[in-house]
Amino acid sequence: LLPTPVMDIFGSVLFGRALAIAVRRGMFEALAEEPLTPGALATQIGLHPEGATLLCEACVVAGYLRRRGSRYALAREGSKWLLAGSPVSLTHLIRYFEALHRRWGGLERSLERGAPEHPYYQGFSDEDWEQYVLAMRDLARLVMPDVARNLRFTKGASLLVDIGGAHGLYAIECCRRHPGLRAVLLRGSDDAKIEFNYV
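Residues numbered from 1 in each chain as written. Predicted model: local features only at pLDDT ≥ 70, side-chain atom pairs only at ≥ 80, totals over all residues. Heavy atoms only, no water.

Colleague: Quick question: what am I supposed to make of the packing of helix H1 (residues 4-24) against helix H6 (residues 91-103) here?
Modeller: Packed helices, taken two at a time, are described by the angle their axes make and the gap between the axes. Direction vectors running N to C along H1 and H6 enclose 125°, while the axes themselves pass 9 Å from each other. Of the possible angle classes, the one that applies to H1 and H6 is oblique. As H1 packs across H6, the resulting crossing turns out to be left-handed. Residue-level contacts link Gly16, Arg17, Leu19, Ala20, Val23 and Arg24 of H1 to Thr91, Ile94, Arg95, Glu98 and His101 of H6. (Axes fitted to C-alpha atoms, helices over the stretch in contact; angles between N-to-C directions. Helix = DSSP H or I, 4+ residues; strand = E, 2+ residues; numbered from the N terminus. Parallel < 35°, antiparallel > 145°, perpendicular 65-115°, else oblique. Left-handed = near helix turned anticlockwise from the far one by under 90°. Contact = heavy atoms within 4.5 Å.)

Below is the structure:
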């Protein structure tokens, strides 16, 4: 019912921040054990009870949580996408988006200059790289079946070279679908190389 620009500038940005905090603080993992009151949840994830209530209510509106009396529980969408143990979990991708929010603080300056002050990956710590690779793995799990189904290999192909393979899921899926195929992953500027066959 609200004008689209209002939602784009306010609603999605605000809720995106709240969702990232909920994931980083382990709110969905805590509620996976049992429904909790805001007070009990606040104690587990280190928030004020009123803050926990507001965060839970936002996630109820979004469909990730359900309210049962005075307690909150995971809804199906929350269990599917926001638990680390789910086969289609997006928790690492959400954590990476939170890092992107911080990095985009210099967007206006980049638009003025025509280029960012520093290359995007400059200054990535080992932790930043790990978060990036895990986020790309989350994303790959969603699109991998379609990507692998549409890849075509020359008859009798025995070697797949994946440049920048990182998590390796694409190469693993290709080897799974094509018995006898061997994959080599080149994982970045350090020339790290991994070889495997799917068994």
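After presenting the structure, the write-up continues.
Colleague: Honestly, the pairing of strand S3 (residues 159-163) in this entry has me stumped. Any pointers?
Modeller: Each regular strand shows side chains that alternate between the opposite faces of the sheet. Residue alternation in S3 divides its side chains into a buried set, Leu160 and Asp162, and an unburied set, Leu159, Val161 and Ile163. Bridging between S3 and strand S4 (residues 182-186) involves five bridges; their strand directions are parallel. Opposite leucine 159, over in S4, you have arginine 182 as the bridge partner. Taken together, S3, helix H9 (residues 169-177) and S4 constitute a β-α-β crossover, and its handedness is right-handed. (Buried < 20%, exposed > 50% of the residue type's maximum accessible area, 1.4 Å probe, protein only. Pairing = 2+ DSSP bridges. Right-handed = clockwise from strand over helix to strand, strands pointing away.)

Colleague: Before we go on, may I ask you to explain the nonpolar core in this structure?
Modeller: Buried together is how nonpolar side chains tend to be arranged in soluble globular proteins. Core analysis: the largest hydrophobic core is formed by 30 residues, its most contacted members being Met27, Phe28, Leu31, Leu41, Leu65 and Leu82. Among the nonpolar cores identified, the runner-up in size contains seven residues, and Leu160, Ala171, Ala183 and Leu185 belong to it. (Core = buried A, V, L, I, M, F, W, Y, C linked by side-chain atoms within 4.5 Å.)

Colleague: Before we go on, may I ask you to explain the pattern of salt bridges in this structure?
Modeller: In a structure, side chains of opposite charge can pair up when their charged atoms sit close to one another. In this structure the tally under the stated criterion is nine salt bridges. Taking the shortest distance from any N to any O, the salt bridge between glutamate 98 and arginine 24 comes out at 2.7 Å. Residue glutamate 98 is located in helix H6, and its partner arginine 24 is located in helix H1; the two are separated by 74 residues in the primary sequence. The exposure class of arginine 24 is partly exposed, given its relative accessible area of 36%. (Salt bridge = Lys/Arg side-chain N within 4 Å of Asp/Glu carboxyl O.)

Colleague: Looking at this structure, how should I read H6?
Modeller: Residues three or four positions apart in an α-helix share a direction because the helix packs 3.6 residues into each turn. For H6, spanning 13 residues, the distance from its first C-alpha to its last is 19 Å, which sits close to the expected 18 Å at 1.5 Å a residue. Along H6, the residues that are buried comprise Thr91, Leu93, Ile94, Tyr96, Glu98, Ala99 and Leu100. Looking at the packing, one finds that the buried side of H6 touches H1, helix H5 (76-81) and helix H8 (126-150). (Expected span 1.5 Å × (residues − 1).)

Don't take any of this as a statement about function, it's just geometry.
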